[in-house]
Amino acid sequence: MTGKARRTVAAVLTLAVTAPMLSACFEEPSAHEAVRDFLVGWQTGDYTMAARRTDGDQKVVRQALEDAKIHLDAASFRFRLKGIRGEGEQTEADFEAEVDLGENNPLWTYAGKLPLRLVGGQWKVHWSPSVIHPQLHEGERFAVDVKPYGRRPILDRTGDPLQQPATLYVANVIPSMLKDDVAVCRQLSKITGFPQDRLLSKIRSAIPNAQVPLVTFGRAKYAQLRAQLEAIPGINVSPEPLLIDPESPAQIVGSVTAVTPESEQQLGGPQRAGDTVGRSGLQKAYQEYLTGSTETRVITLDVKSSKKVAELRRWSPSRSNSEVRTTLDRAIQQAADTALLGDGVPAMLVAVQASTGEVRAISTTKEYNQERQALAGKFHAGSIFSIMSVEALLKAKVSFKQKLACPADRTVGGAQFHQTVVPAGGALSLQGTFATGCVTALASLARRIDGAELMASAAKFGIGAPWTLPLKAFSGRVSPLKNDAAKAKAIAGQNVLVSPLSMALVAGAVASGTWRPPVLVTEPKTLDPTAEAPPPKMPDPIEIDEKTVSTLKRLMRAGVTSGSARSAAAAGDPVYGITASATQGRKSMAWFVGWQEDVAVAVLAQSSDSTAGAAIAGRFFKGLHAGL
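Residues numbered from 1 in each chain as written. Predicted model: local features only at pLDDT ≥ 70, side-chain atom pairs only at ≥ 80, totals over all residues. Heavy atoms only, no water.

> Quick question: what am I supposed to make of the sheet that holds strand S25 (residues 521-523) here?
Strands in a sheet are paired, the pairing made by backbone hydrogen bonds, and the direction either parallel or antiparallel. The three strands lie next to each other as S6-S14-S25, forming an open sheet whose pairing is mixed. What marks the edges here is a single partner per strand, and that holds for strand S6 (154-155) and S25. The pairing of strand S14 (residues 324-326) with S25 spans two bridges and is classified as antiparallel. Looking at the pairing, Arg325 lines up with Glu523 of S25. (Pairing = 2+ DSSP bridges. Helix = DSSP H or I, 4+ residues; strand = E, 2+ residues; numbered from the N terminus.)

Here it is in structure tokens:
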């Protein structure tokens, strides 16, 4: 709820609930009537009614009650009468006050006393500032001192920040130095869009001789408004360096902006000037963890010197701002970014640790978005889906040594398939077919595979699994396999949608022998710091049949040594992988799915060359090996 909305609702509830409650306490004309009228008038903002029930100067009382609300920047006051005791000049009313300090700040409750006197035959509240609060005296005023804690960084797997410093600009004032605070706020509101009354409340509730931040600007916005800001008397703009400029993968880390009138309305509080708002990526997903914690103090000040007299209440934050710890690896990310720069082909690369499912790198060229496409994109799998058909083929006792024709065109169950590059001789062993990704040959196997077995195999490799990430992501989807045509299309990846992330996890499953759900953030465990329920349970790891794994490893090694993935080869441990062609609308796409050591990758390139993904993977593995 926004600060403004909260104030309105609070006032309505106060009038609807508390005023009748107070009225019900009094049934006879006595001291009770004076207490009732005073508290109801104070609570509802009818300070004239409240002042009439005191023995003080009515103008002074009205101003004191109004100033108390202003100096506390209070959304509302609510009162509960505890009782009236004593008699004669010793009569007192005990009450409990509940002050809503607004902007999602704490509720302040305190006990107060109303001394009562008979004046001209009528009961009056004997006025002094201590009627407002027992520790408020003549020549003193309230103030609220709020200290927001700084935004925390997003970290890589080693604990290093994934942001560089950037400069924001904060417009500040010193209230005691302002000749006309209303005029200052009017001008600042006009050029920034922040409500004038909220700016004025921040000034008037602050310590008069302290610097009060009002509005924060990014570099571009400050450059645009600099001349207008400098023309406002009393405004001082100070630079504030913060770790907010994202490093790679920038779209995953996310961008940060200064609080704007719109974001202040959306967030409600306790964001204040100087705070920042995550606009995208992890910065947005974990906004409530990264910033928002404040320490709030209600104090009294000497009006003449502005020095603190007493601290009436302090609230430490219920939680501290906390870092977000990711699984991203700077060296692997750099290798991925460098690999995509090699030939100017639009492409994406996702790397995971095969043995854990932890995401190590997410990289795209400018044509693609790291979150929307690399993690959450829905792309046709092409014949890369044949990885998931191996278990069903083994159960059908299909020999991987048998020869399969690889014609340019084939029809299976009425579905048509086309192979762009036909191998010499026109026939390959099933192992060779797998290594080269011959679509027409693979589609011919549909009649020998049970549809339910193929769906079950896809599920073992996590396709369609109900895992979640703090960002948008897609685990894949296989259309129903009701006939031979549907099965053939699945083997050819034409009715199967996957993301680069989901296919990197498939590669990791073959490499390690176990499919594991992805992990991108290790701390915090939930997106909502106020959540009491445990975080959603991720799917359990799924162990892949040993024979299936050994067969796939042999086939995927052949893809690099003698198949279409030769360009993925690199020094060091053996590289495993296969390629596939697919289409996305009218665009030709090229997949590579494979691994080296414990790093599993999926590459998807926009190219009519089916080996384009393998070439990128080769540069990635070479760069990674060189870095190690």
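> Looking at this structure, I do not really get the pairing of strand S7 (residues 163-173). What am I missing?
The side chains of a regular strand alternate between the sheet's two faces. As paired strands, S7 and strand S9 (residues 236-246) are joined by ten bridges and run antiparallel to one another. Residue pairing across strands places Thr167 opposite Pro241, the latter belonging to S9. Of the strand pairs in this sheet, S7 and strand S8 (residues 212-217) are connected by five bridges, and their pairing is antiparallel. Of the residues in S8, the one forming a bridge with Ala171 is Val215.

> Please clarify how the sheet that holds strand S29 (residues 599-606) should be interpreted in this entry.
Pairing within the open sheet is antiparallel, and its five strands lie in the order S16-S15-S29-S28-S27. Taken across any chain shown, the strands that pair with only one partner, and hence form the sheet edges, are strand S16 (359-364) and strand S27 (575-584). The mean inter-strand angle of the sheet, taken between neighbouring strand axes irrespective of direction, is 10°. (Axes fitted to C-alpha atoms, helices over the stretch in contact; angles between N-to-C directions.)

> Is there a simple way to explain the environment of Glu367 in this structure?
Assignment of secondary structure puts Glu367 in the loop between S16 and helix H13 (370-375). Sequence separation of Glu367 and Val345 is 22 residues, and the distance between their C-alpha atoms is 9.6 Å. Reaching out from Glu367, the side chain makes a polar contact with the side chain of Thr365 at a distance of 2.7 Å. (Polar contact = N/O pair within 3.5 Å; in protein donor to acceptor, adjacent residues only side chain to side chain.)

> Is there a simple way to think about the confidence of the model for the protein chain in this case?
Low pLDDT means the predicted atomic positions in that stretch should not be read closely. In the predicted model, the protein chain carries a mean pLDDT of 89, and 92% of its residues have values of at least 70. Throughout residues 1-28 the model reports pLDDT below 50, and contacts reaching past four residues in sequence, or to other chains, amount to 47 contacts. (pLDDT = per-residue confidence, 0-100. Contact = heavy atoms within 4.5 Å.)

> Help me out: how do you make sense of the packing of aromatic side chains in this one?
For any two aromatic rings, the description comes down to two numbers: the centre-to-centre distance and the angle of the planes. The final tally for this structure, using the stated rule, is twelve aromatic pairs. Considering the side-chain rings of Phe79 and Phe95, the 5.7 Å spacing of their centres and the 75° angle between planes classify their relative orientation as edge-to-face. Residue Phe79 is found in strand S1 (residues 76-85), and its partner Phe95 is found in strand S2 (residues 92-100); the two are separated by 16 residues along the sequence. There is no split in this pair, since Phe79 and Phe95 are both buried. Aromatic ring contacts, followed pair by pair, group Phe38, Trp42, Phe77, Phe79 and Phe95 into a single cluster. (Phe/Tyr/Trp six-rings, centres within 6.5 Å; stacked < 30°, edge-to-face > 60°. Buried < 20%, exposed > 50% of the residue type's maximum accessible area, 1.4 Å probe, protein only.)

> What am I meant to see in unusual backbone geometry here?
For residues besides glycine, phi is generally negative; the peptide bonds are generally trans as well. Cis geometry is adopted by the peptide bond preceding Pro249, which originates at Ser248 and carries an omega value of 5°. The linkage connecting Glu523 with the following residue, Pro524, adopts the cis geometry, with an omega of 0°. Within the element layout of this structure, Pro524 appears in the loop between S25 and strand S26 (542-543). Within the chain, Asp73 stands out as a residue other than glycine whose phi angle is a positive 50°. Topologically, Asp73 is positioned in the loop between helix H4 (58-72) and S1. By relative accessible area, which is 6% here, Asp73 ends up buried. Its identity is not glycine, yet Ser306 carries a phi of approximately 65°, on the positive side. With respect to the element layout, Ser306 can be found in the loop between strand S12 (294-302) and strand S13 (308-315).

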